[in-house]
Structures are given as C-alpha cells and as structure tokens.
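Architecture and fold: a report
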Amino acid sequence: MKIKVQTLDAKGKGDIDLNDEIFGVEPRADILHRVVTWQLEKRRATARGTRERSDVARTGKKFGRQKGGGTARHGDRRAPIFIGGGKAHGARVRDFNPSLNKKIRVLGLRMALSSKAKSGDLIIMEDLAVAEGKTKALVANLANLGFGKTALVIDGDAVEQSFALASANLHTINVLPAIGANVYDILKAETLVLTRAAVEKLEARFNG
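Residues numbered from 1 in each chain as written. Predicted model: local features only at pLDDT ≥ 70, side-chain atom pairs only at ≥ 80, totals over all residues. Heavy atoms only, no water.

Here the focus is the packing of aromatic side chains. Any aromatic ring pair is given by two values, namely how distant the centres are and how the planes are angled relative to each other. In total, this model carries one aromatic pair according to the counting rule given. Seen from the ring of Phe 82, Arg 77 lies directly overhead, with NZ or CZ sitting 5.1 Å from the centre. (Phe/Tyr/Trp six-rings, centres within 6.5 Å; stacked < 30°, edge-to-face > 60°. Lys NZ or Arg CZ within 6 Å of the ring centre and 35° of its normal.)

Written out as structure tokens, the structure reads:
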C-alpha cells in the first residue's frame, strides 16, 4: 500500500510503501471491542480494602451484661460504633485486571491501524518540526493539511519537541511516541497522523 508523504507546509515528499501485514488487515469489530474493553479495564485502579469488624484486632468478649447496665446491649468492641472498631460497609478489593492474549492485543493494533488506512483517515508526515514551536504557526499548517476534528499524532522514539510545545494548547491534538501507540486512542481520533519515523518503529515493533 502506497501513501503520499507530506510536510507541515502541505508539500509532497514522495510516497511511502506501507506493509500490508500491518496496514492492510481486514478489521474485525469483535477483536477491536475486546482490546478496547481490556484497555479501559486495565485503567481502573482497585480500591484499598477497609478493615471490617471481623478484621480488626479487638477483644470479642461481650462488652457488658445484657440487662441492667443502662446502656445499649453491645456484643463486643469490634462493632463499627466504637472507636477502633471495624468499618461498616467499607470498600472491598475488586479485581479489575483482566488478561488478554498477547496475539489478540497485537492483532487489535494491526486492525486499528488498518481501519484508518482503509477509511482514508491516515496521514503520513515527513517530520513534525514547527517554526519556533509556535501554536499559531501550527494552527495555520493544520488548516492546510485537512486534519479532522480530532487527531492522534504518533512520532518515533520521542515526539518532536517543537511540535509538542506548539500542540500543548490544542485540545483536539493528542501526541504520542511510537511505543505508546494503542487501539483505544487510534480509534477515538478522527485522523491518525504518523511520521516516517513512527512507521519505521511500528513495523520494527511488529516484525520483532
């Protein structure tokens, strides 16, 4: 699959030949759904479990006699009503760490990249250098490139510093290094933007 390469000035820089095993896979909704669900569940943090009345180290001896004391009929000091007693209806530890086969995760990323290439929402850039790192200059360039309402920009080992500075105030632009490429962010963005360096890193990642 061949796609033309552009610069931020909307000038052509020739074509790039994309690997069909990565950018030409037929997307499947069930695979993409499984990977996105796994990603979102992995984000959830488990609550720290509180100590209930069976967990606190206090005596289990009856607090006082049943009748005649003029006070409530408490069974022991571990009741939630006492200082140092167990928590009533406290948070309990829940497991939000599902497992997903690595082959499915890799296949999901291939399909996410392929879906953008198939729909024409994939843009390949030569580099991301922005003059003086100015947001105003970047906005003018983006208008000429035809980015969608939201865009995910993926660079090589590290994001170009000038582009990161210029896009910091643009809430419609999300920037990631190649190692951070993931299915959820790719599908969420209307347009996927890859640099030459990002394509090389992604292809090396899959071939490795």
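Its place among the elements puts Asn 141 in helix H4 (residues 135-145). Apart from residues no more than four positions distant in its own chain, Asn 141 is found in contact with Leu 8 and Asp 9. (Helix = DSSP H or I, 4+ residues; strand = E, 2+ residues; numbered from the N terminus. Contact = heavy atoms within 4.5 Å.)

To continue, consider unusual backbone geometry. Excluding glycine, a negative phi dihedral is what most residues carry, and trans is how most peptide bonds are arranged. Even without being a glycine, His 89 presents a positive backbone phi close to 55 degrees. Tracing the backbone shows His 89 in the loop between helix H2 (29-43) and helix H3 (102-119). In this structure His 89 comes out as exposed when scored by relative accessible area, which is 81%. (Buried < 20%, exposed > 50% of the residue type's maximum accessible area, 1.4 Å probe, protein only.)

In short, shape yes, function no, at least from these values alone.
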